[in-house]
Amino acid sequence: LGPLVDPLPEGEVPADGGGVLLVRRADTVTGVRVVPRLPAVATGVDPVAATFDALGGPESVRERFAAVLAVGATEGACGAVRELADLLGRADFSGPVVDARRALGAFPTVSATATVVAVELVRSGVLPAALAGGRDLPLDGRGILVASIGPRPAAIEVFGPGDGQ
């Protein structure tokens, strides 16, 4: 599935190993909630706008999330993270946008790893200073958004029990 989710630049050899994030529906919500948002993007529709719409629009993103872990596609990852930060800025999102590939490493399954990190951060209730620009950032009931706006935009919402509603 790697080429469908995170294509490598032409001529690059895929890394050994792999990873997957298994999300299954729970009968009751008692812990951290992980909600994937994979917008169906029609031809001619801006995929970034479709992703924001799937998240409830810029105001919803601003109110419900304390931080964003940005994962761009392997090809052009830095540009994708900058583009995402710019879009969030235009939506008046003031939380940190963390380049997950820089923080965790550049490998095809970094989005799954970033989601696991987001779950642990939401459980702790704090984004540590190393990721928040020098000072610990209390989440204060808000979640963390794992977002990619590469060629196949997607987002994963991560909330604690009762958060982000």
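Preceding this section is the structure that the text describes.
Presented here is a report on the structure given in the accompanying data block. Source: prediction; values computed, not measured.

**Overview of the overall build of the protein**
The helix and strand tally for the protein stands at seven helices and seven strands. When the helices and strands of the protein are placed in sequence order, the string is α-β-α-α-β-α-β-α-α-β-α-β-β-β. Taking all 165 residues of the protein together, 39% fall into the buried category. Summarising the internal contacts of the protein: among those between residues at least 6 apart in sequence, 69% fall at separations of at least 24. Of the roughly 9,400 Å² that the protein leaves accessible, carbon and sulfur atoms contribute 54%.

**Regarding the sheet that holds strand S3 (residues 97-99)**
Spatially, five strands are ordered S1-S7-S6-S2-S3 in an open sheet, and the strand pairing comes out mixed. Only two strands of the sheet have a single partner each, and these edge strands are strand S1 (33-37) and S3. The average undirected angle you get between the axes of adjacent strands in this sheet is 20°. In this sheet, S3 lies alongside strand S2 (residues 65-70) in parallel orientation, the contact comprising three bridges. Across the sheet, leucine 69 pairs through a bridge with valine 98, a residue of S3.

**Structural notes on the nonpolar core**
Ranked by internal contacts, the top residues of the largest apolar core, which has 19 residues, are Leu69, Ile144 and Val146. Elements supplying a minimum of two residues to this core: S2, helix H6 (110-124), strand S6 (143-148) and strand S7 (154-159). No other element matches the six residues that H6 contributes to this core. Contact partners of valine 146, with chain neighbours within four places excluded, come to Leu69, Val71, Ser111, Ala114, Thr115, Ala118, Ala154, Ala155 and Ile156.

**A word on the pattern of salt bridges**
Going through the model one piece at a time under the given rule, you end up with three salt bridges. As a salt-bridge pair, arginine 123 and glutamate 120 come within 2.7 Å of each other at their nearest N and O atoms. With arginine 123 and glutamate 120 both in helix H6 and three residues apart, this pair spans about one turn of that helix. The partly exposed category is assigned to glutamate 120, whose relative accessible area is 44%. What you see here is one network of salt bridges that share partners, running through Arg37, Arg64 and Glu157.

**Let's talk about helix H2 (residues 47-54)**
Of the residues making up H2, those classed as buried are Val48, Ala50, Thr51 and Phe52. Following H2 by one or two positions, glycine 56 has its phi on the positive side, about 95°.

**Here's the deal with the side chain of serine 60**
Its place among the elements puts serine 60 in helix H3 (residues 58-64). With a relative accessible area of 15%, serine 60 lands in the buried category. Here arginine 64 takes part through its side chain, which lies 2.7 Å from a polar atom of the side chain of serine 60. Look past the residues within four positions of serine 60 in its chain and what remains in contact with it is Leu55 and Phe65.

**Topic: the side chain of arginine 64**
Within the secondary structure, arginine 64 sits in helix H3. Overall, arginine 64 belongs to the buried group, its relative accessible area being 17%. A polar side-chain atom of arginine 64 sits 2.9 Å from a polar atom in the side chain of glutamate 157.

So, how was this worked out
- Residues numbered from 1 in each chain as written.
- Predicted model: local features only at pLDDT ≥ 70, side-chain atom pairs only at ≥ 80, totals over all residues.
- Heavy atoms only, no water.
- Helix = DSSP H or I, 4+ residues; strand = E, 2+ residues; numbered from the N terminus.
- Buried < 20%, exposed > 50% of the residue type's maximum accessible area, 1.4 Å probe, protein only.
- Contact = heavy atoms within 4.5 Å.
- Areas by Shrake-Rupley, 256 points an atom, 1.4 Å probe, with all protein chains shown as cover.
- Pairing = 2+ DSSP bridges.
- Axes fitted to C-alpha atoms, helices over the stretch in contact; angles between N-to-C directions.
- Core = buried A, V, L, I, M, F, W, Y, C linked by side-chain atoms within 4.5 Å.
- Salt bridge = Lys/Arg side-chain N within 4 Å of Asp/Glu carboxyl O.
- Polar contact = N/O pair within 3.5 Å; in protein donor to acceptor, adjacent residues only side chain to side chain.

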